[in-house]
Amino acid sequence: MASSENSALKASWLRICDRLKGEVGDVEYRMWIQRITLGPLDDDEITLYLPERFLRDWVRAQYGQRLQSLWREENPAVQHVELRIDKKAQRAAKTGDDAPQAEEGGGAANLPISAMANEDAAALDREEAVAATSPSMNEVRNDLAVPLDRRFTFDNFVVGKPNEFAYACAGRVADHPASPGFNPLFLYGGVGLGKTHLMHAIGLKLISRGNISVAYMSAEKFMYRFIASMQSKSQMEFKEQLRSVDVLMIDDLQFLIGKNSTQEEFFHTFNALVDAGRQIIVSADKSPSDLSGLEDRLRTRLGCGMVADIHATTFELRISILEAKAKASGTPVPPKVLEYLAHKITTNVRELEGALNRLIAHADLVGRPVTLESTQDVLKDMLKAHERRVTIDEIQRKVAEHFNIRLTDMSSARRARAVARPRQIAMYLAKQLTSRSLPEIGRKFGNRDHTTVMHAVNRISELMEQDPGLAESVELLRHMLES
Ligand code: ADP
Ligand code: MG
C-alpha cells in the first residue's frame with residue numbers, strides 16, 4: 001500500500017470514528033467502536049479488526065451496515081467492509097502498530113469487555129429494584145432472574161376468543177411443566193396483548209406449589225447477563241446457574257435478532273434444559289417461522305413444542321377487560337364510558353388500562369364521578385393521538401406507491417438508489433409521524449440497525465434543504481398520510 005493511500009485511509013477512519021461517536025454516544029463508542037483497528041485495503045474491501053469473536057459479531061450485527069455506508073461516503077475507494085478477528089488488535093491499537101495479521105477463529109475471550117456491559121447491567125438492576133416485589137422462596141434468587149410481578153396472575157387475566165388458546169396452554173404448562181408436546185411453550189403476539197402477564201402467571205402458579213425453581217428474564221437481560229459473565233470471567237457460573245433451573249422463561253426473544261453470540265448461548269442453554277426434562281417458555285412478537293434473523297436451528301427448535309398466538313383484541317374482549325379492571329379499582333365507571341374507551345383505544349391492553357387508570361385517578365382526585373364528558377376531557381390528548389395515528393405500514397405503502405417501487409423493497413437489502421432513497425424517505429416519515437423509536441423503525445425496515453435509520457433521517461433532512469423537488473415530494477407524502 002502506498003503511504004499516501006495509507007494516510008488517506010487513516011484520515012478517513014478517524015473521521016468515521018468521529019461521526020460514529022456522535023451517533024452512538026460515548027459509552028457505546030468506548031465499548032465497541034474504540035476496539036476496532038484499521039486493517040489493509042484490498043481492491044475495494046477494507047478490513048477492520050476486533051480482538052475477539054464476540055466483539056466482532058456484535059460490531060458486525062450492530063454497526064456493520066453503518067460502517068459500510070460511512071466508509072463509502074468517506075472514501076469512494078472503499079465499497080465493502082470486512083470485520084475480522086485479531087487478538088493482537090487491541091494491543092496494536094494502543095501502540096499504534098499497523099495492520100496486524102488476522103487469525104480467524106480466536107477462542108476464549110481473554111480481554112475484558114469493559115464499561116458498558118456493567119453500566120447497562122447496573123441500570124437494569126436499578127430499574128428492577130424499583131419494580132421488585134418480594135420474591136418467594138422458589139423463585140431463583142441469585143441475580144440471574146427478575147422477580148415476578150404479583151399482579152400478573154391467571155385470575156387477573158381476562159379470557160376471550162383472541163387469547164383463550166394461549167391462556168389454556170399457559171395453564172396447562174403451569175399445571176404440568178415439561179409435559180410432552182408443550183416444551184417449549186412459545187407465546188407470541190403484538191405489543192401489550194398479555195404475553196408477559198401470562199408468563200408471570202405461569203411462574204407464580206408454579207412457585208406457589210413449591211419445590212420448583214423458576215427463572216424469568218427478558219431476552220435483553222439474558223444478553224446483559226451473558227456479557228457481564230464474560231467480562232467477569234464467570235461464564236461457567238452463568239451457564240451452571242441457568243442450567244440448574246426447572247423452568248426457564250425468556251421474554252421478548254425477538255431482541256436476540258442479530259445478536260449472534262447471545263443467540264448461540266441461548267441455543268445451548270435451551271438444548272441442555274430440554275434434554276434434562278426442564279420446561280422452557282419463550283415469548284416473541286412473531287411466530288418462530290416469522291422470526292427471520294434468528295438462526296434456523298434455533299427457530300426450528302422453538303417451533304417444536306407448543307406454539308400459541310395471542311391475537312389482537314376484539315371489542316368484546318376490550319369491554320371485558322375494562323369491566324374487570326374498573327371493578328377491581330372500586331371506582332364506579334359507567335358502561336357508556338367503557339364502551340367509548342373500547343371503541344377509541346384498540347391497539348393494546350396496556351394503553352386501554354392506562355386510559356382507565358387516568359380516568360379513575362382523576363375522578364378520585366377531584367372527587368367527582370367518572371362521566372362521558374369528563375372522559376373526553378381528561379383523555380383529550382390521548383384520544384387525539386389515537387385518531388390520527390399513522391402506522392409504519394401505511395407509510396411504507398404510500399411511499400412505495402408514490403415512487404413506484406415494490407413494497408417488499410422497503411425491507412429488502414437492495415441498495416440501488418432508486419430503491420434506497422424512497423426507503424430512506426419512508427424511514428424519515430416514520431420518525432416524524434409515529435412515536436416509534438429508531439430501533440423499532442429499523443426492525444420494520446428489514447431489521448435494519450437504528451443507526452441506519454438515524455442516518456436516513458439526517459440524510460433526508462439535509463436533502464430537503466438542498467433539493468426543492470425532493471422536499472416537495474416528502475411534504476406531499478406527509479400531507480397525504482396525515483389527512
Ligand atoms: P405484552 O407482554 O404482550 O407486551 P403485557 O403482558 O405486558 O403485554 O400486558 C400489558 C398490560 O395489559 C399488562 O398490565 C397486563 O396485565 C394487561 N393485560 C393484557 N392482556 C390482559 C388480559 N387478557 N386481561 C387482563 N389484563 C391484561
Ligand atoms: Mg411483554
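None of these values were measured; they are calculated from a predicted model. Each chain has its residues counted from 1, running along the sequence as written. The lettering of chains begins at A and the numbering of ligands begins at 1, in the order of writing. Reporting in this predicted model follows two pLDDT cut-offs: at least 70 for local features of residues, and 80 or more for side-chain atom pairs to be given and counted; totals over whole chains, interfaces and linings ignore these cut-offs and use all residues. Neither water nor hydrogens contribute to the side-chain values; these are computed over all heavy atoms in the structure.

Novice: Requested: an account of the packing of helix α8 (residues 219-231) against helix α10 (residues 260-275), with residues and values cited.
Specialist: Orientation is described by lines fitted to C-alpha atoms, with helices fitted over the stretch in contact, and by angles between N-to-C directions that extend from 0 to 180 degrees. By the criteria applied, helices consist of DSSP H or I runs no shorter than four residues and strands consist of E runs no shorter than two, each listed in order from the N terminus. Two elements in contact, α8 and α10, have axes separated by 10 Å at closest approach and are oriented at 100°. Considered as vectors, α8 and α10 are oriented roughly perpendicular to each other. The segment α8 lies against α10, with F222, M223 and F226 engaging S261, T262, E265, F266 and T269. Across the contact of α8 with α10, the residue classes break down as four nonpolar, three polar and one charged. By the definition adopted for this analysis, an angle is roughly parallel if under 35 degrees, roughly antiparallel if over 145, roughly perpendicular if from 65 to 115, and oblique otherwise. The contact definition used throughout considers only heavy atoms, calling two residues in contact when any of these lie within 4.5 Å. Residues are grouped as follows: nonpolar covers Ala, Val, Leu, Ile, Met, Phe, Trp, Tyr, Cys and Pro; charged covers Asp, Glu, Lys and Arg; every other residue, Gly included, is treated as polar.

Novice: Talk me through the sheet that holds strand β6 (residues 247-251); I want residue IDs and the actual numbers.
Specialist: Spatially, the five strands line up as an open sheet ordered β5-β6-β7-β4-β8, and their pairing is parallel. This sheet does not close on itself; its edge strands, each paired only once, are β5 (214-218) and β8 (306-310). Between one strand and the next, the sheet's axes are offset by a mean angle of 15°, whatever the strand orientation. One requirement defines pairing of two strands: DSSP has to find at least two bridges between them. Relative to β6, β5 runs parallel, the two being bridged by five bridges. Its bridge partner lying in β6, V214 is registered against V247. Packing against the sheet, α8 makes contact with β5 and β6, and its axis sits at approximately 95° to β5.

Novice: Give me the packing of aromatic side chains: which residues, what numbers.
Specialist: When two rings of Phe, Tyr or Trp (its six-membered ring) have centres within 6.5 Å they constitute a pair, described as stacked for plane angles under 30 degrees, edge-to-face for angles over 60, and tilted for the intermediate range. This model, assessed by the stated rule, comprises eight aromatic pairs. When the ring of W13 is compared with that of W71, the centres are 6.0 Å apart and the planes differ by 5°; the resulting orientation is stacked. Pair noted here: W13 is in helix α1 (residues 3-24) and W71 is in helix α3 (residues 53-74), with a separation of 58 residues, a long-range link. Here the term buried applies to any residue with accessible area under 20% of the maximum for its type, exposed to any over 50%, and partly exposed to those in between, with areas from a 1.4 Å probe on protein chains only. Residue classification places W13 among the buried positions, given a relative accessible area of 8%. An angle of 40° between the planes, with centres 6.2 Å apart, marks the rings of F226 and F238 as tilted. Of the two residues, F226 sits in helix α8 while F238 sits in helix α9 (residues 235-243), which places them twelve residues apart along the sequence. The pair F226 / F238 is uniform in exposure class, with both members buried. Criterion for a charge above a ring: Lys NZ or Arg CZ within 6 Å of the ring centre, and within 35 degrees of the ring normal. Just above the ring of F255 sits the side chain of K259; from NZ or CZ to the centre is 4.2 Å.

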